[in-house]
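Coordinates in review
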Amino acid sequence: MASFGIWVLTIFLVFQSGYGFYLPGSYPHKYKVGDPLSVKVNSLTSIDTEMPFSYYSLPFCKPAEGVKDSAENLGELLMGDRIENSPYRFKMCTNETLIFLCQSGKLSADEFKLLKERIDEMYQVNLILDNLPAIRYTVKEGFVSRWTGYPIGVKFQDMYYVFNHLKFKVLVHKYEETNVVRVMGTGDAVDVFPSGGKGGSDVPGYMVVGFEDLKMYDKYPSEIKCDTTTVTVPIKEGEPIVFTYEVAFEESDIKWPSRWDAYLKMEGSKVHWFSILNSLMVITFLAGIVLVIFLRTVRRDLTRYEELDKEAQAQLNEELSGWKLVVGDVFRAPSHPALLCIMVGDGVQILGMGVVTILFAALGFMSPASRGTLITGMLFFYMILGIAAGYVAVRLWRTIGCGDHKGWASVAWKAACFFPGIAFLILTILNFLLWGSHSTGAIPFSLFVILLLLWFCISVPLTLVGGYFGAKAPHIEYPVRTNQIPREIPAQKYPSWLLVLGAGTLPFGTLFIELFFIMSSIWMGRVYYVFGFLLIVMVLLVVVCAEVSLVLTYMHLCVEDWKWWWKSFFASGSVAIYIFLYSVNYLIFDLKSLSGPVSATLYLGYSLFMVLAIMLATGTIGFLSSFWFVHYLFSSVKLD
């Protein structure tokens, strides 16, 4: 079949000329001229379906030695990555042209149909060289867009064409030191698709793009001429596809520590930074106003109360200070206390996992260069922090029960199973959908067993250990006694839960801009890397959630509504509702090309899983801050 010319920037091989590393855990490889360097393939991906498939599920050339999986960590498997070897092999600094890769067998009816489906669904091939993904560029009206991978093919005038001739440009950077190396590459593509490229790497030698097996990789018998503005012979059922490639090396000034810049500088980066800074300024200003108003109100109330005699205090209680009238009910046990303790314990575990993971990511330990480490780190920290979940849940349970040890083991056990159980149920349902679609995004059964073992052999025991320490720790003493008969709550002008649900708008305002970039990273295949800003946004979110919950709790107490426990939790936790609504909005307006009910179900299922975790984390912030406030408020004044 005639070839379809496409420039694919495969990778930058970049070699460091200094002694420092770009990221912790990453290091440059040393290559000499002529050293072999193999290209790997990852799963085929598409923003149209969000379901990855194996590269070799299509009739592509396979390595002569057979397909072999690369070493994968737990995070890569959970993300749907399936990195395998490929027949593309280069020799450092050795230009190759007219390389015949292989000829596929005659396309069967099923293979032909599958190829057309994958082209219609906008699937693309993802290549990896020296731990860097293939990248291509497109220039339109002076604006440069960067894309990882390249499309499988294109539909043109009701005919389907496959990109079967790849043209690689590999840029290498010559290094002066004898112990450091680096690689990077780039490429251009046909006008039909975004394309173009550059790359670089430092080495005394260069990147390699040659093939050892002459039987498989003989020279193509006739000259290959690619017209980058036209398509040629379409694929047809019953006919084979001939795959060829060529590669050229080029020296570059890009150094090893900067080799990921081409991936991180995705389109819209300036808007991203401006939006984040603007959001931080606005939220800091709003949080400051809320804090000032809150401190002035409470301090004035307490000061006026303490300066009056008992008769004046009684009058003030009736006229202004409704919160003092609920002194005998403010610490009355809430409804469903065990569930509240369990949710707060799980919230502490999720919040701790998020803070620690983002902190490590901001320091560079979980960068895009280390695939799967972010998910792996999250799982590790979540399991370890099970001890915190058990401790908080049981100690809060004993505090509500005024020091009673009875039932602490049950609370700790439920805390160990509540959120993981819901997550396991959601992921299992979604996994059946992925299994039915034969997607590599489906979690293998063996991995399910591993996750269950990690859950019951590490997380659950640590949660029970935390519960044991929580049972041994002294419970928090209430500063006031609780009356036997509950006080009647006066009729309210408006439903209190309406205010609680509306309170989530302010925390949502702290993260909705950052949420857009996170969603784009997850669903649009873009690289997310500004973990430093994410850490700042998370700190602001914690502050705003605490302030919103405190103010709302104070407002409820002022109108003699002493049922503040659950309301303080959902005042900040209601931000999850707005995040879910935003997710639906993102699905409708930003993922308009998402096709099929399976893809939409997967999206909504993962979104539900995400907002559940966010609700527990933010709700825990609000509850703990309100609990501290109520305890401090009623222990700061004398109440007869």
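Residues numbered from 1 in each chain as written. Predicted model: local features only at pLDDT ≥ 70, side-chain atom pairs only at ≥ 80, totals over all residues. Heavy atoms only, no water.

1. Some remarks on the overall build of the chain
Per the secondary structure count, the chain includes 16 helices and 17 strands. Counting only contacts in the chain whose residues sit at least 6 apart along the sequence, the fraction spanning at least 24 positions is 84%. Accessible surface computed for the chain: about 28,900 Å², of which carbon and sulfur atoms make up 64%. (Helix = DSSP H or I, 4+ residues; strand = E, 2+ residues; numbered from the N terminus. Contact = heavy atoms within 4.5 Å. Areas by Shrake-Rupley, 256 points an atom, 1.4 Å probe, with all protein chains shown as cover.)

2. Some points on the state of the cysteines
Per the counting criterion, the structure on display carries one disulfide. Disulfide pairing is shown between Cys61 and Cys102; the S-S distance is 1.8 Å. Linking Cys61 and Cys102, the disulfide has an S-S dihedral of approximately -90° and is accordingly described as left-handed. Here the residue Cys61 occupies a position in the loop between β3 (36–41) and α1 (74–79), and Cys102 occupies one in strand β5 (residues 96–103), the gap between them amounting to 41 residues. The exposure class of Cys61 is buried, given its relative accessible area of 3%. Overall, the relative accessible area of 13% leaves Cys102 in the buried class. (Disulfide = S-S within 2.5 Å. Buried < 20%, exposed > 50% of the residue type's maximum accessible area, 1.4 Å probe, protein only.)

3. Considerations on the pattern of salt bridges
One pass over the structure, following the stated rule, counts five salt bridges. Between Arg118 and Glu121 there is a salt bridge whose closest N-O contact spans 3.3 Å. Since its relative accessible area comes to 21%, Glu121 is described here as partly exposed. (Salt bridge = Lys/Arg side-chain N within 4 Å of Asp/Glu carboxyl O.)

4. Let's talk about empty space enclosed by the protein
Under the criterion given, the structure shown has one cavity of 30 Å³ or more. Taken as a whole, the largest cavity holds about 80 Å³ of empty space. Around the largest cavity, the lining is made up of 13 residues, and of these Tyr55, Phe60, Tyr88, Tyr150 and Phe243 lie nearest the centre. (1 Å grid on protein atoms, 1.4 Å probe; cavity = no way out; pocket = protein on both sides within 12 Å on 5 of 7 lines; lining within 4 Å. Points joined across faces, edges and corners; volume = space filled by probe spheres on them.)

5. A word on the nonpolar core
Core analysis: the biggest nonpolar cluster contains 80 residues, and Phe623 and Phe634 have the highest contact counts within it. Considering every element that reaches this core, the biggest residue donor is helix α13 (residues 531–558), with 15 residues. Once residues lying within four places of it in the same chain are set aside, the contact partners of Phe623 are Leu340, Val344, Leu396, Ser549, Trp564, Trp565, Ser568 and Phe569. Core analysis: the next-biggest nonpolar cluster, separate from the first, contains 49 residues, Ala134, Phe243, Leu434 and Ala442 among them. (Core = buried A, V, L, I, M, F, W, Y, C linked by side-chain atoms within 4.5 Å.)

6. What to know about the packing of helix α12 (residues 505–523) against α13
Helix-helix packing: each pair is described by the crossing angle between the helix axes and the interaxial distance. Where α12 contacts α13, the axes come no closer than 8 Å and their chain directions differ by 155°. Classed by the angle they form, the pair α12 and α13 counts as roughly antiparallel. Regarding α12 and α13, the two cross each other, and that crossing is left-handed. On the side of α12, the interface is formed by Leu506, Pro507, Thr510, Leu511, Glu514 and Ile518, while α13 contributes Leu534, Val537, Leu541, Val544, Cys545 and Val548. For the contact of α12 with α13, the per-class residue count stands at 10 nonpolar, one polar and one charged. (Axes fitted to C-alpha atoms, helices over the stretch in contact; angles between N-to-C directions. Parallel < 35°, antiparallel > 145°, perpendicular 65-115°, else oblique. Left-handed = near helix turned anticlockwise from the far one by under 90°. Nonpolar A, V, L, I, M, F, W, Y, C, P; charged D, E, K, R; others polar.)

7. Some points on the packing of aromatic side chains
Under the defined criterion, the tally for this structure stands at 43 aromatic pairs. For the ring pair Phe424 and Trp455, a centre distance of 6.2 Å and an interplane angle of 45° mean the geometry is tilted. Of this pair, Phe424 sits in helix α9 (residues 408–436) while Trp455 sits in helix α10 (residues 445–472); the two residues are 31 residues apart in sequence, bridging distant segments of the chain. A residue is classified by how much of its surface remains accessible, and Phe424, at 30% relative accessible area, is partly exposed. Residue classification places Trp455 among the buried residues on the basis of a relative accessible area of 13%. Pairing Trp455 with Phe456 gives two aromatic rings, centres 4.6 Å apart and planes at 25°, and the pair type is stacked. (Phe/Tyr/Trp six-rings, centres within 6.5 Å; stacked < 30°, edge-to-face > 60°.)

8. Details of unusual backbone geometry
With the exception of glycine, the majority of residues adopt a negative phi angle, and the majority of peptide bonds are in the trans configuration. Unusually for a residue other than glycine, Asp158 sits at a positive phi of about 65°. By the secondary structure assignment, Asp158 is in the loop between β12 (153–156) and β13 (159–162). Asp158 gets classed as exposed once you look at its relative accessible area, which sits at 64%.

9. Overview of the confidence of the model for the chain
Note: predicted coordinates in regions of low pLDDT should not be interpreted at a detailed level. Here the chain averages 78 in pLDDT, and 75% of its residues register 70 or above. Counted against residues more than four places away or in other chains, residues 1–25, with its pLDDT under 50, gives 179 contacts. Scored below 50 in pLDDT, residues 177–224 makes 285 contacts in the model with residues more than four places away or belonging to other chains. (pLDDT = per-residue confidence, 0-100.)

10. What to know about a nonpolar patch on the surface
A surface patch of nonpolar side chains, about 430 Å² in accessible area, is lined by Ile387, Tyr391, Val465, Tyr468 and Phe469. Contributions of two or more residues to the nonpolar patch are made by α8 (386–400) and α10. Inspection of the secondary structure assignment puts Ile387 in helix α8. (Patch = residues over 30% accessible without salt bridge, like charges linked within 9 Å, V, L, I, M, F, W, Y side chains within 5 Å.)

11. Observations regarding the pairing of strand β17 (residues 242–251)
With seven of 10 residues buried, β17 lies mostly within the body of the structure. Note: strand β14 (residues 165–172) against β17, eight bridges, orientation parallel. Each residue of the ladder has a partner; that of Lys169, found in β17, is Ala248. (Pairing = 2+ DSSP bridges.)

12. Examining the packing of α13 against helix α14 (residues 565–573)
Relative to each other, α13 and α14 sit at 140°, their axes nearing to 8 Å. The pairing of α13 with α14 is recorded here as oblique in orientation. Of the two elements, α13 crosses α14, and the hand of that crossing is right-handed. Facing α13, whose interface residues are Cys545, Val548, Ser549, Leu552, Thr553 and His556, α14 presents Lys567, Ser568, Ala571 and Ser572.

13. Looking at helix α2 (residues 109–120)
Compared with the 16 Å implied by 1.5 Å per residue over 12 residues, the 17 Å span of α2 between its first and last C-alpha is a close match. Residues of α2 that are buried include every one of Phe112, Leu115, Arg118 and Ile119, and no others. Considered in projection along α2, the buried side chains sweep an arc of 130° and stay on one side of the axis. Exposed side of α2, more than 90 degrees from the buried face: Asp110 and Lys113 are the residues found there. Elements that come into contact with the buried residues of α2 comprise β12 and β13. After α2 finishes, the residue Met122 shows a positive phi value of roughly 60°. (Expected span 1.5 Å × (residues − 1). Arc of directions from axis to C-beta.)

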